[in-house]
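Next come the chains, spelled out residue by residue.
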Amino acid sequence: SLVNRLFAMIKAFLFPQIRIVIPANSDNSYWKKNSFYMAVETYLRATASAEAKSLKAISKGGDKLNLKLDENESITDKFCGAVMNWGYFCARNQTNSHHEKSEKYYYTLNFSKRHRDLVVGSYLKHIAETSHELNAKYRQKKLYTNSTDEEEWTSVVFKHPATFDTLAMDTNKKNEIINDLTCFRNSKNYYAKIGKTWKRGYLLYGPPGTGKSTMIAAMANFLDYDIYDLELTAVKNNTSLRTLLTNTSHKSILVIEDIDCTAITGDRKSEGQKKSDKDDGDYLKKNSLTLSGLLNFIDGLWSACGEERIVVFTTNHVDKLDPALIRRGRMDMHIELSYCSYEAFKVLAKNYLDLDSHPLFDEVCELLKTKNITPADVAEVLICNTMESKVPGATERLEELITVLKKDTKQEERGETEEKEETEDEKDETEKKDEKTTEEKNETENEKDET
Ligand SMILES: Nc1ncnc2c1ncn2[C@@H]1O[C@H](COP(=O)(O)OP(=O)(O)OP(=O)(O)O)[C@@H](O)[C@H]1O
Ligand SMILES: [Mg+2]
């Protein structure tokens, strides 16, 4: 051991080394992770899996697996010709009175003293940047939502297959939306120049089953943003709303579905109306989530926290909404998703049946002009139920769609004729009543004459 120590001393004298320790947790908080430690872990992943003799495999949910250095394992990395020696260790000691062991994991970086400037000036920055890029590349989109009485978001991995290619709607309208989203994504400097926060609002409206939720999924997939699905009915008051909204990340879509049905509409009273209501004192104490609270976040002072965000409201009844909520500037683009047009049908036929054209298309086109059917209903008919022993062909699916369209038209017609018949019956009855009353009148006149 004496020889070893002497050898180490001579080596340190001839080739002086510097050591940097990167602990897993911040110095003053056991719970708070050191973000640079995470960056090192990401950065070393590729080198570790190629070089290290001992590795740890950690599941990251789903089919994702991360390989990282095992304890007491070392690897080398090269940067601008300099050799960087990395090691991964754990310091264990008996700390408290309960004899619980504390484990402090850390990475060490050893390099020659002459590379000090290179490491401090460039290498550490290079690690941070590379890990950021790698995280962005392997990032999984998340879908967040809030639950009752909690001011926290819970998340799941978001894997929705909807894209703008599979979304059935008019091509011009679709292209307009895609261009708008692309412009938004590339307009960081423009928003800074005009003094506006980097946000954009979309209002999606239309009957149920016309693809509002599907479009949100397509937007998230197109931009590669996370989704925050805000359940307004679970938000207690404005303070909770602010806590939730300030805890959303940038590059995200904030969604409030069915805004006409949420708690906010119950609160859309003018101040005068509120004062006149007896129970409002209690109501406001219990539930002080106001429209102005929400608006403040969308384009008030609070909108400044966080950038590159999209806000999407969906509704089935656009006419029921408070104009303040959807005025231009708050909701920059109003997008109507309506019943299935012929163009939308062609997208569905391509998706579901892999058809670009078919002799039956003309008949469908004519029927769609007179009939309101949602894309969801068309999709339901066109989808091939593969559980069946015989997979039905495209022609059968189209014929079925035509039957559905004709049947509904007939029903509508029948409905109309029934209505007509009813009104005619009513007419007859009223005429009869009139006749009766004239008869009665005549009788009373006769009686008068007699008297
Ligand atoms: N425009 C569309 N393009 C492709 N598929 C659609 C479209 N509209 C509806 N669909 C299909 O119908 C299903 C229901 O659509 P979606 O949930 O998007 O409707 P919605 O407008 O959000 O309805 P609601 O108002 O009831 O929330 C989707 O899963 C999708 O398969
Ligand atoms: Mg929906």
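As named in an unreviewed UniProt entry, the chain is AAA+ ATPase domain-containing protein, taken from Aquilegia coerulea. Recorded in UniProt for the chain, the comment headed Cofactor (unreviewed entry) runs: "Mg(2+)".

A.B. asks: For this particular structure, what's the right way to read the overall build of the chain?
C.D. replies: Looking only at helices and strands, the chain features 16 helices and 13 strands. Contacts in the chain between residues at least 24 apart in sequence constitute 69% of all its contacts with a sequence separation of at least 6.

A.B. asks: Sorry, what's going on with the sheet that holds strand β11 (residues 252–256) here?
C.D. replies: In a beta sheet, neighbouring strands are held together by backbone hydrogen bonds and run either parallel or antiparallel to one another. If you walk across this open sheet you meet the seven strands as β8-β7-β10-β11-β12-β9-β13, and the pairing is mixed. The sheet terminates laterally at β8 (153–157) and β13 (333–336), the two strands that pair on one side only. Averaged over all pairs of adjacent strands, the angle between strand axes in this sheet comes to 20°, irrespective of strand direction. Taken together, the four bridges between strand β10 (residues 226–229) and β11 define a ladder with parallel strand orientation. For Asp-229, the partnering residue across the bridge sits in β11 and is Val-255.

A.B. asks: Where do I start with the pairing of strand β2 (residues 55–59) in this structure?
C.D. replies: Sheet faces and side chains relate simply in a regular strand, where the side chains alternate between the two faces. In terms of burial, β2 is a largely surface element, zero of the five residues being buried. Sheet topology places β2 next to strand β3 (residues 65–69); five bridges connect them, and they run antiparallel. Paired with Ser-59 across the strands is Leu-65, a residue of β3.

A.B. asks: Would you take a moment to explain the site of ligand 1 for this structure?
C.D. replies: What surrounds ligand 1 is a group of 15 residues, the closest being Ala-168, Pro-208, Gly-211, Ser-213 and Ala-376. Taken together, the elements giving at least two residues each to the shell around ligand 1 come down to α6 (212–223) and α15 (375–382). Here the shell around ligand 1 is composed, by residue class, of seven nonpolar, seven polar and one charged. Looking at which domains feed residues into the shell around ligand 1, each of domain 2 (142–336) and domain 3 (342–409) gives three or more.

A.B. asks: Looking at this model, I keep getting lost on the packing of helix α2 (residues 35–51) against helix α3 (residues 116–138). Mind explaining?
C.D. replies: When two helices pack together, their arrangement is given by the angle between the helix axes and by the axis-to-axis distance. Here α2 crosses α3 at 70°, and the two axes come no closer than 8 Å. Taken as axis vectors, α2 and α3 run roughly perpendicular relative to one another. Each of Ala-39, Val-40, Thr-42 and Tyr-43 in α2 lies in contact with α3, whose residues at this interface are Ile-127, Ala-128, Thr-130, Ser-131, Leu-134 and Asn-135. Grouping the amino acids of the contact of α2 with α3 by side-chain chemistry returns six nonpolar, four polar and no charged.

A.B. asks: How should I be thinking about unusual backbone geometry in this particular structure?
C.D. replies: A positive phi is found at Asn-72, a non-glycine position, where the angle reads about 60°. With respect to the element layout, Asn-72 can be found in the loop between β3 and β4 (73–79). The backbone phi angle of Asp-224 is positive, close to 60°, even though this residue is not glycine. Inspection of the secondary structure assignment puts Asp-224 in the loop between α6 and β10.

A.B. asks: Any chance you could explain the confidence of the model for the chain here in plain terms?
C.D. replies: Interpreting fine coordinate detail is not advised for predicted regions of low pLDDT. Residues of the chain with pLDDT of at least 70 account for 77%, and the chain-wide mean is 80. The element-level mean pLDDT for the chain is lowest in helix α9 (residues 271–276), coming to 42, with α6 highest at 95. pLDDT under 50 marks residues 265–285. Its contacts with residues more than four places away, or in other chains, come to eight contacts. Below pLDDT 50 for its whole length, residues 413–417 participates in zero contacts with residues either more than four positions away or in separate chains. Scoring the predicted complex yields pTM 0.69 and, for the interface, ipTM 0.98.

A.B. asks: Explain the environment of Glu-343 to me, please; I cannot follow it from the model alone.
C.D. replies: Locating Glu-343 in the fold gives a position in helix α13 (residues 342–353). Glu-343 sits 174 residues away from Met-169 along the chain, and the two C-alpha atoms are 6.7 Å apart. Apart from the residues within four sequence positions on either side, Glu-343 is in contact with Asp-170 and Thr-171.

A.B. asks: What am I meant to see in α13 here?
C.D. replies: Side chains that are three or four residues apart share a direction in an α-helix, a result of its 3.6 residues per turn. With 12 residues, α13 ought to run about 16 Å at 1.5 Å a step, and its terminal C-alpha atoms sit 15 Å apart, in line with that. Among all positions in α13, only Ala-344, Phe-345, Val-347, Leu-348 and Ala-349 are buried. Backbone geometry just after α13 places Asp-354 at a positive phi near 55°.

A.B. asks: Honestly, the pairing of strand β12 (residues 309–315) in this entry has me stumped. Any pointers?
C.D. replies: Judged by how many residues are buried, β12 sits mostly within the fold: seven of seven residues are covered. The two faces of β12 match: Arg-309, Val-311, Phe-313 and Thr-315 on one face and Ile-310, Val-312 and Thr-314 on the other face are all buried. Of the pairings in the sheet, the one linking strand β9 (residues 199–205) to β12 comprises seven bridges and is parallel in character. In the sheet register, Lys-199 faces β12, and the bridge partner there is Arg-309. When β11 meets β12, the two strands line up parallel, connected through five bridges. Residue pairing for β12: Ile-256 is matched across the bridge by Phe-313.

A.B. asks: Would you mind showing me how to read the environment of Ser-122 here?
C.D. replies: One can find Ser-122 in helix α3. A count of 13 C-beta atoms within 10 Å places Ser-122 in the partly exposed class. When the C-alpha atoms of Ser-122 and Cys-80 are compared, they prove to be 9.8 Å apart, with 42 residues separating the residues in sequence.

A.B. asks: Can you help me understand helix α7 (residues 238–246) in this one?
C.D. replies: For α7, every residue scored as buried is listed here: Leu-241, Leu-244 and Leu-245. End-on view of α7: buried residues confined to an arc of 90°, all on one side of the axis. Buried residues in α7 make contact with β7 (142–146), β8 and α11 (291–299).

A.B. asks: Mind showing me how you'd approach the nonpolar core here?
C.D. replies: Looking at soluble globular proteins, one finds that nonpolar side chains tend to be buried together. Formed by 54 residues in total, the largest nonpolar core has its most connected members in Leu-204, Ile-216, Ile-227, Ile-253, Val-255, Val-312 and Phe-345. The biggest single contributor to this core is α6, with six residues. Both domains that meet at this core, namely domain 2 (142–336) and domain 3 (342–409), each give it at least three residues. Among the nonpolar cores identified, the runner-up in size contains 14 residues, and Tyr-43, Trp-86, Tyr-88 and Val-119 belong to it.

Conventions used here
Residues numbered from 1 in each chain as written. Chains lettered and ligands numbered in written order. Predicted model: local features only at pLDDT ≥ 70, side-chain atom pairs only at ≥ 80, totals over all residues. UniProt positions renumbered as here; feature names shortened; annotations may be inferred. Helix = DSSP H or I, 4+ residues; strand = E, 2+ residues; numbered from the N terminus. Contact = placed C-beta atoms within 7 Å. Pairing = 2+ DSSP bridges. Axes fitted to C-alpha atoms, helices over the stretch in contact; angles between N-to-C directions. Buried ≥ 20, exposed ≤ 12 C-beta atoms within 10 Å, placed from the backbone. Near = placed C-beta within 6 Å. Nonpolar A, V, L, I, M, F, W, Y, C, P; charged D, E, K, R; others polar. Domains from an automatic or database assignment. Parallel < 35°, antiparallel > 145°, perpendicular 65-115°, else oblique. pLDDT = per-residue confidence, 0-100. Expected span 1.5 Å × (residues − 1). Arc of directions from axis to C-beta. Core = buried A, V, L, I, M, F, W, Y, C linked by C-beta atoms within 7 Å.

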